[in-house]
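Each chain is listed here by its residues.
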Amino acid sequence: MSVSPRPAVPPSAPKPEGRLEWRLLLRWLREDGLVDEAQAQRTEQRFAAGDSSLHPLVRLGHAGLVRLGTSKALDVDALSEWLAKRAGLAFLRIDPLKVDVGRVSDVMSVGYAEAKRCLPVLVGLTDVTIATSEPFDTAWVAQIEAHTRKPIKLVVSNPLDIARYTTEFFTLAKSVRAAAKAGEATQVASFEQLVELGKSNKQLDANDQGVVQVVDWLWQYAFDQRASDIHLEPRREMSVIRFRIDGVLHTVYQLPNTVMSAMISRIKLLGRMDVVERRRPLDGRIKTRNPAGDEVEMRLSTLPTAFGEKMVMRIFDPDTAVKDLSMLGFSSHDSERWERLVTQAHGIILVTGPTGSGKTTTLYSTLKRLATDEVNVCTIEDPIEMIEPAFNQTQAQSALDFGFAEGLRALMRQDPDIIMVGEIRDLETAEMAIQASLTGHLVFSTLHTNDAAAAITRLTDLGVPSYLISATVIGVLAQRLVRTLCNQCKQPDPNVTRETLNDVVKHWRMNGGVKPYKPVGCLECRNTGYRGRAGLYELLTVGESIKKHLQPTPDLEALRRQATQEGLRPLRLAGAMKVAEGVTTLEEILRNTPAWDA
């Protein structure tokens, strides 16, 4: 949450008591020069015809007022911030990720909060911060100070936010309390009890209404906050819910271990997983809908830990998991080379990078582009990341001795044109991929290496002869994801120049304009300075000149030098170009890309 500095109270400002009234606010707006007489009269005539139960700020915010001398609308947010200055209080944009929802109901009841149009947002060791949309109605403050035995710090917030989060926070707290009460007799699974997991019948019912409501809230909240992963983590005292947003984890909520255990059981039940089995890792998946009504798939994974079962849910939103190739972030240079590569009739194309670097999105998006009615696209995955109707997808199952190699062997009898193997992990899988390529198929797969050239030597390490690599591998794409700057608050960074970027990329020289920006932080990006992520790509195409450096054994340095002569742009150079365009920062690039030694 972002709190604006407490401004000085205007010396001529009146000090009313009680609830706000729209006529008074309109008069203040005229006095402060935010609206002219014509706007004020039109609004008065419009409002005089009837009454409304809406908060005065909301009525005025929806009246179409425009700040005098500008084209900026005086919406509810702008009016709330202006009112905070008038009242001599700080303005706060409520960030639900930074509110300890579990302690909100300890300060006041939901009825009290609704009646006073306020909401506790921070319960500290020495004071309590309460957001209000009625900064002059403060008679109740003494009662809450007596109840909490702490001084109250008032801030002004958007009345729409206060109303929305009052409902959400108190409903969630009520559901958690109900679930916790229902599970008071539940034993907490800890390290000492791991061998007994699943043998006790004293478990909170996964279908208890409180648990159902908490799980529903969890998903809707995660979708609303653009989370890519949800972590449910049991701890010794209180369990923790965390969301990964733009690659960074945020703690969202703490709740009793009994409730966490029931939530995980509920989710396992919906994901058709073994609810009783808690001693070994399990996988599952759920399809649901986001607030916009679009289908969203979630991949579930559990793991027994010292204090109970941990669950991670990876969210695959169709809008982000499968994109048009033009939206992946390829430069025009690499986009043309990638397009030529993936339209080859046969060969192996590898996508490489660490976990969470966007390999799945690149592969799915590419395959979706290639999956026309004239071709048969088959995949063998572990697990299937996302169901795509255009593919024939198969799940590898190690428990049944059906791994990537066995799956590939079976797919070869399914008349495929294009095959995607989740990952080349061993020599047997690599040999099957090579066999598929030699028999006229286009094969896509992934590896975990730092850059594109290292994928070639990785295959050698697995035991693949260099002459087979030369005969089958036609291209390698290395990639990373970096956070992008928030467009609402980023500012020019004079400390980054063309010379700075040239020092970073060393063997290259940046040409053209350089417009670097730095992160600042605002309400839209939760004061991180970043919002969203973008891909960086390094594409190595294996032509005849590259093949000369593969035999008798691959020469990594020679490979890199030759690849750069044929158009390869290393990840760090791709990142420097994004910095020059004002998309991200130099710090992000240095943190996420390997140094280039060639």
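Residues numbered from 1 in each chain as written. Predicted model: local features only at pLDDT ≥ 70, side-chain atom pairs only at ≥ 80, totals over all residues. Heavy atoms only, no water.

As annotated in an unreviewed UniProt entry, the chain carries the name GspE/PulE family protein and is attributed to Roseateles agri. On record in UniProt, under Sequence similarities (unreviewed entry), the comment for the chain is "Belongs to the GSP E family." (UniProt positions renumbered as here; feature names shortened; annotations may be inferred.)

This brings us to the UniProt feature "domain: Bacterial type II secretion system protein E" (unreviewed entry) in the chain. According to UniProt, the "domain: Bacterial type II secretion system protein E" (unreviewed entry) feature falls on residues 412-426. The span residues 412-426 carries 0% helix and 27% strand; its end-to-end C-alpha distance comes to 19 Å. (Helix = DSSP H or I, 4+ residues; strand = E, 2+ residues; numbered from the N terminus.)

Mapped onto the elements of the fold, Glu 423 is located in the loop between strand E15 (418-421) and helix H15 (427-438). Discounting residues that sit within four places of it in the chain, Glu 423 has contacts with Phe 404, Thr 429, Ser 445, Thr 446 and His 448. (Contact = heavy atoms within 4.5 Å.)

Another aspect to go through is the sheet that holds strand E9 (residues 282-289). Adjacent strands of a sheet pair through backbone hydrogen bonds, lying either parallel or antiparallel. With respect to topology, six strands assemble into an open sheet ordered E8-E7-E6-E11-E10-E9, the strand pairing being antiparallel. Here the strands that pair on one side only, and so sit at the sheet edges, are strand E8 (248-256) and E9. For this sheet, the mean angle separating the axes of adjacent strands, direction not counted, is 20°. Alignment of strand E10 (residues 295-305) against strand E11 (residues 308-316), held across nine bridges, turns out to be antiparallel. From the neighbouring strand, Arg 299 faces E11, where its bridge partner is Arg 314. Together, strand E6 (229-233), strand E7 (238-245), E8, E9, E10 and E11 form the strand contacts of helix H9 (residues 209-224), whose direction differs from that of E7 by roughly 30°. (Pairing = 2+ DSSP bridges. Axes fitted to C-alpha atoms, helices over the stretch in contact; angles between N-to-C directions.)

A separate point is the packing of aromatic side chains. In total, this model carries nine aromatic pairs according to the counting rule given. Pairing Trp 22 with Phe 47 gives two aromatic rings, centres 5.0 Å apart and planes at 85°, and the pair type is edge-to-face. Taken as a pair, Trp 22 in helix H1 (residues 22-31) and Phe 47 in helix H2 (residues 37-48) lie far apart in primary sequence, 25 residues in all. Residue Phe 47 is classed as buried on the basis of its relative accessible area, which comes to 5%. Centre to centre, the rings of Phe 330 and Tyr 537 are 4.1 Å apart; their planes meet at 15°, and the pair counts as stacked. (Phe/Tyr/Trp six-rings, centres within 6.5 Å; stacked < 30°, edge-to-face > 60°. Buried < 20%, exposed > 50% of the residue type's maximum accessible area, 1.4 Å probe, protein only.)

Let us look at helix H4 (residues 76-87). With 12 residues, H4 ought to run about 16 Å at 1.5 Å a step, and its terminal C-alpha atoms sit 16 Å apart, in line with that. Taken together, the buried positions of H4 are Val 76, Ala 78, Leu 79, Ser 80, Trp 82, Leu 83, Ala 84, Arg 86 and Ala 87. (Expected span 1.5 Å × (residues − 1).)

So, on to the layout of surface pockets. Roughly 500 Å³ of volume is contained in the second largest pocket. In terms of lining, the second largest pocket is formed by 15 residues, of which the most central are Asp 283, Asp 382, Gln 395, Ala 396 and Gln 397. Per-element accounting of the lining of the second largest pocket gives the leading share, four residues, to E9. Partitioning the lining of the second largest pocket into residue classes produces seven nonpolar, four polar and four charged. (1 Å grid on protein atoms, 1.4 Å probe; cavity = no way out; pocket = protein on both sides within 12 Å on 5 of 7 lines; lining within 4 Å. Points joined across faces, edges and corners; volume = space filled by probe spheres on them. Nonpolar A, V, L, I, M, F, W, Y, C, P; charged D, E, K, R; others polar.)

Owing to its 3.6 residues per turn, the α-helix aligns residues three or four sequence positions apart on the same side. Between its terminal C-alpha atoms H2 stretches 16 Å, which fits the 16 Å expected from 12 residues at 1.5 Å a residue. Within the span of H2, buried status applies to Gln 39, Ala 40, Thr 43 and Phe 47. For H2, the arc enclosing every buried residue in end-on projection is 95°, short of the 170-degree limit, so these residues lie on one face. Those residues of H2 that are exposed and aimed more than 90 degrees away from the buried face are Arg 42, Gln 45 and Ala 48. Where H2 is buried, its residues meet H1 and helix H3 (56-61). (Arc of directions from axis to C-beta.)

With that settled, consider the sheet that holds strand E13 (residues 377-381). Pairing in this open sheet of seven strands is mixed, and the strands run E14-E13-E15-E16-E12-E17-E20 from one edge to the other. At either margin of the open sheet sits one strand with a lone partner, and together these are strand E14 (392-395) and strand E20 (530-541). When the angles between neighbouring strand axes are averaged without regard to direction, this sheet yields 20°. Here strand E12 (residues 347-352) runs beside strand E16 (residues 442-447); their pairing, made up of six bridges, is parallel. When the sheet's bridge partners are listed, Thr 352 is paired in E16 with Leu 447. Across the sheet, helix H21 (residues 571-580) lies against strand E17 (473-485) and E20, angled at about 140° from E20, the strand it touches most.

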